[in-house]
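# Chain and residue survey
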Amino acid sequence: MAPEDNYWNRRMETLSREEISSLQLKKLRGILEICSHSPYYRRIFKEEKIDPSRIEDFDDLRRIPFTDKNILRENPSTDFLAVPREEIIRLHSTSGTTGQAIVIYYTRSDIQTWAEMIARCMYMNGVRRGDVFQNMIGYGLFTGGLGFHYGAELVGVLTIPSGAGNSRRQIQLMREHGTTVAHVIPSYALLLTEVFEEMGLDPREDTNLRILFIGAEPHSEDMRQRIEEIYGVDAYNSYGLTEMNGPGVAFECPHKQGMHLWEDHYILEVIDPQTLERVPEGEEGELVLTTLSREGMPILRYRTRDLASVIPGECPCGRKHRRISRIKGRSDDMFIIKGVNVFPLQVEEVLMKTLGVGSNYQIHLERVGVREEMKVLVEVTGELWHGNPSELRALQERIRENLRSAILLTPLVELVEAGSITKSEGKAVRVVDKRGNF
Ligand code: ADP
Ligand code: ZN
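Residues numbered from 1 in each chain as written. Chains lettered and ligands numbered in written order. Predicted model: local features only at pLDDT ≥ 70, side-chain atom pairs only at ≥ 80, totals over all residues. Heavy atoms only, no water.

Turning our eyes to something else, we now look at the coordination of the zinc ion (ligand 2). The zinc ion (ligand 2) binds to the protein through Cys 253 (SG), His 260 (NE2), Cys 315 (SG) and Cys 317 (SG), with metal-donor distances spanning 2.1 to 2.3 Å. For the zinc ion (ligand 2), the 4 donor atoms are set out with angles of 102 to 118° between them, so the coordination reads as tetrahedral. Within one chain, the residues donating to the zinc ion (ligand 2) are spaced in sequence as C-x6-H-x54-C-x1-C. Within this pair, whereas His 260 is found in strand β9 (residues 259-261), its partner Cys 315 is found in the loop between β13 (310-311) and β14 (323-324), the two being separated by 55 residues in sequence. (Donors = N, O, S within 2.8 Å, 3.2 Å for Na, K, Ca; no water. Tetrahedral: all angles 85-135°; square planar, octahedral: opposite > 155°, others 65-115°. Helix = DSSP H or I, 4+ residues; strand = E, 2+ residues; numbered from the N terminus.)

On to the packing of helix α7 (residues 167-177) against helix α8 (residues 186-198). For the pair α7 and α8, the least separation of the axes is 10 Å and the interaxial angle reads 80°. Here α8 runs roughly perpendicular to α7, going by the angle between their axes. Taken together, the residues of α8 that come into contact with α7 (itself represented by Ser 167, Arg 168, Gln 170, Ile 171 and Met 174) are Tyr 188, Leu 192, Val 195, Phe 196 and Glu 198. Its residues placed into classes, the contact of α7 with α8 shows 6 nonpolar, 2 polar and 2 charged. (Axes fitted to C-alpha atoms, helices over the stretch in contact; angles between N-to-C directions. Parallel < 35°, antiparallel > 145°, perpendicular 65-115°, else oblique. Contact = heavy atoms within 4.5 Å. Nonpolar A, V, L, I, M, F, W, Y, C, P; charged D, E, K, R; others polar.)

As a further point, take helix α6 (residues 143-155). For α6, spanning 13 residues, the distance from its first C-alpha to its last is 18 Å, which sits close to the expected 18 Å at 1.5 Å a residue. All of the buried residues in α6 are Thr 143, Gly 144, Gly 145, Gly 147, Phe 148, His 149, Gly 151, Ala 152 and Val 155. Positive phi shows up at Gly 156, right after α6, with a value of about 100°. (Expected span 1.5 Å × (residues − 1). Buried < 20%, exposed > 50% of the residue type's maximum accessible area, 1.4 Å probe, protein only.)

Next up on the list: the nonpolar core. Within the largest apolar cluster, 70 residues are counted, with the highest numbers of intra-cluster contacts made by Leu 28, Met 122, Phe 213, Tyr 239 and Ile 324. Among the elements that take part in this core, helix α5 (residues 108-124) stands out by supplying 9 residues, more than any other. Once you skip the residues sitting within four places of it in the chain, Ile 324 turns out to touch Tyr 239, Ala 250, Gly 258, Met 259, Leu 261, Leu 268, Leu 287, Ser 309, Val 310 and Ile 311. Formed by 47 residues, the second largest nonpolar core is a distinct cluster that contains Phe 142, Leu 209, Val 350 and Leu 351. (Core = buried A, V, L, I, M, F, W, Y, C linked by side-chain atoms within 4.5 Å.)

Another aspect to go through is the packing of α5 against α6. In the contact formed by α5 and α6, the axes pass within 7 Å of each other and the chain directions differ by 75°. One element, α5, and the other, α6, form an angle in the roughly perpendicular class. Along its contact with α5, which presents Ile 111, Trp 114, Ala 115, Glu 116, Ile 118, Ala 119, Met 122 and Tyr 123, the element α6 presents Thr 143, Gly 147, Phe 148, Tyr 150, Gly 151, Ala 152, Leu 154 and Val 155. By residue class, the composition of the contact of α5 with α6 is 12 nonpolar, 3 polar and 1 charged.

Moving on to the environment of Glu 56. Summarising the element assignment, Glu 56 is placed in the loop between α3 (39-47) and α4 (69-74). The exposed category is assigned to Glu 56, whose relative accessible area is 51%. Along the primary structure Glu 56 and Leu 28 are separated by 28 residues, whereas in three dimensions their C-alpha atoms are 9.4 Å apart. When sequence neighbours within four positions are dropped, the list of residues in contact with Glu 56 reads Leu 25 and Arg 29.

Here the focus is the domain arrangement of the chain. When cut into domains, the chain gives domain 1 (1-332) and domain 2 (337-433). Between the C-alpha centres of domain 1 and domain 2 there is a distance of 30 Å. With 25 residues of domain 1 at the contact, the number on the domain 2 side is 22 residues. Buried area between domain 1 and domain 2, summed over both chains or domains, comes out near 1,900 Å², and the portion from carbon and sulfur atoms is 56%. Linking domain 1 with domain 2 are 2 salt bridges, by the criterion used here. Lys 423 is the partner of Glu 194 in a salt bridge, and the nearest nitrogen-oxygen pair spans 3.7 Å. If you look at where domain 1 meets domain 2, you find 9 residue pairs in polar contact (both at pLDDT 80 or more). (Domains from an automatic or database assignment. Buried area = accessible area lost by both parts, 1.4 Å probe. Salt bridge = Lys/Arg side-chain N within 4 Å of Asp/Glu carboxyl O. Polar contact = N/O pair within 3.5 Å; in protein donor to acceptor, adjacent residues only side chain to side chain.)

Moving on to α5. Given a rise of 1.5 Å per residue, 17 residues ought to cover 24 Å, and the 25 Å separating the end C-alpha atoms of α5 matches this to within 8%. Gly 126, located one to two residues past α5, shows a positive phi value of around 95°.

Before going further, it helps to spend a moment on unusual backbone geometry. The backbone of Asn 245 sits at a positive phi, close to 110°, despite the residue not being glycine. Along the chain, the position of Asn 245 falls in the loop between β7 (234-241) and β8 (246-252). Even without being a glycine, Arg 301 presents a positive backbone phi close to 50°. Along the chain, Arg 301 falls in the loop between β11 (285-291) and β12 (302-308). Note on Arg 301: relative accessible area 4%, which makes it buried.

Let us look at the pairing of β8. Along β8, 7 of the 7 residues are buried, which leaves the element largely enclosed by surrounding structure. Pairing between β7 and β8: 4 bridges, direction antiparallel. Within β8, the residue paired with Gly 240 across the bridge is Pro 247. The loop that links β7 with its antiparallel partner β8 comprises 4 residues; one of these, Asn 245, has a positive phi angle of about 110°. Here β8 hands over to β9 after 6 residues, with Lys 256 in that stretch at a positive phi of 50°. (Pairing = 2+ DSSP bridges.)

Once that is clear, we can look at the sheet that holds strand β3 (residues 132-135). One open sheet holds the 9 strands; their spatial order is β4-β3-β5-β6-β7-β8-β9-β14-β13, and the pairing between them is mixed. If you trace the sheet from one side to the other, it starts and ends with β4 (158-160) and β13, each paired once. Of the strands in this sheet, β3 and β4 touch α7, which is tilted by about 170° from β3. Each of β6 (211-215), β7 and β8 touches helix α10 (residues 221-231); the most contacted strand, β7, lies at about 135° to it.

For side chains of opposite charge, pairing can occur when their charged atoms come near one another. Under the counting rule described, the total for this entry stands at 36 salt bridges. Here Asp 59 and Arg 62 are joined by a salt bridge, their closest N and O atoms 2.7 Å apart. Among the residues examined, Arg 62 registers a relative accessible area of 39% and is labelled partly exposed. Residues Arg 301 and Glu 269 are paired through a salt bridge, measuring 2.8 Å at the closest nitrogen-oxygen approach. Of this pair, Arg 301 sits in the loop between β11 and β12 while Glu 269 is found in strand β10 (residues 266-271), placing the two residues 32 residues apart along the sequence. Just as Arg 301 is buried, Glu 269 falls in that class too. Through salt bridges with shared partners, a single network forms among Asp 59, Arg 62, Glu 269, Glu 277, Arg 278 and Arg 301.

What follows is the structure, encoded as structure tokens:
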């Protein structure tokens, strides 16, 4: 497809860097003005003696304190409202993966802006009227379902709100309606392949799928490739978080070289989580986002805890909205074992590269006497499980060796039968920490 054919919002998607910067500055002034109607920010502006009309450039933005998860949890969510309560037409809430859930409010215009962002993401990857889109992700309070739903309807595709779980039904729906595009959590996409197998079906041969949007949880490049291979599709990484609307904040284009963050709607800063200073382009740090378009509940300098970097240089697609790398995880996903810092994604990278490894894995952290142990449970393919035990032993050894060179400690590796690790319909639970407080 010629690149000029895939703009949903040509004007915004073809802005130059200079145009993006001046638009951001203009919108920043507007959003600061809107924030002064929110009880929380009014208080902060007063305490910190910030005069929104005197914020003149991005450096001045640094004078505004960060907003973080705790702040959103500790203050009543209505304190962040910048419009009268009657203007709010919807709320969503975080999944509460790392603690008490946070509530986000949307006005009609916020919902429309969000749908437009999702429409861009889908359209740039070739979704068109006539496609059949199956939204296999949680509806309700979780933003993944309704967020994509409104974007898909805006593009004008037939949208099947199948929601999460109910695997056999998902496959039946795909086949009955000829689903071409689906939105799915990557760990679930892999688990679903086992159900295809049980039903005697091959996702490549027995569905019309050509595009998968995968996101909502960290996953490795090898995981993407595995999904693409099994389903015979292009899979695109989708990033978002409830506090910033939900999905659609950053998204891969057809080049799959990082996710474009829609900078007409957000200001991106990447900071060192320790010093809180901005890091140079290309260096990993915590993503900090400021909403530029949200009128109901604007949030300034939000510390996402998500670790990633800005990819230097221009994307071959021509869009100048900066790209972020794959998200390594949240800063709180990292665990420390025997003094070594480990991200679950490092383990996944090793596993997904290894032939014979099945669809699921889980890391268990245990305390045996005074010793800490890390045990990696790995499901293996049915063929291998029922095959020659020496091949299983060889696989176990190979995984242990590869993990040792990747994370610099040698975990216990236990191979288990496909389907024996508890399945999750939502985000996968990758780490079970049974160490307790010591
Ligand atoms: P909760 O914070 O309770 O899980 P959300 O559903 O809003 O609630 O989750 C947003 C978080 O999910 C992000 O902050 C990020 O950690 C993770 N996430 C979302 N999309 C991706 C992605 N494509 N890659 C990695 N992590 C992601
Ligand atoms: Zn691009």
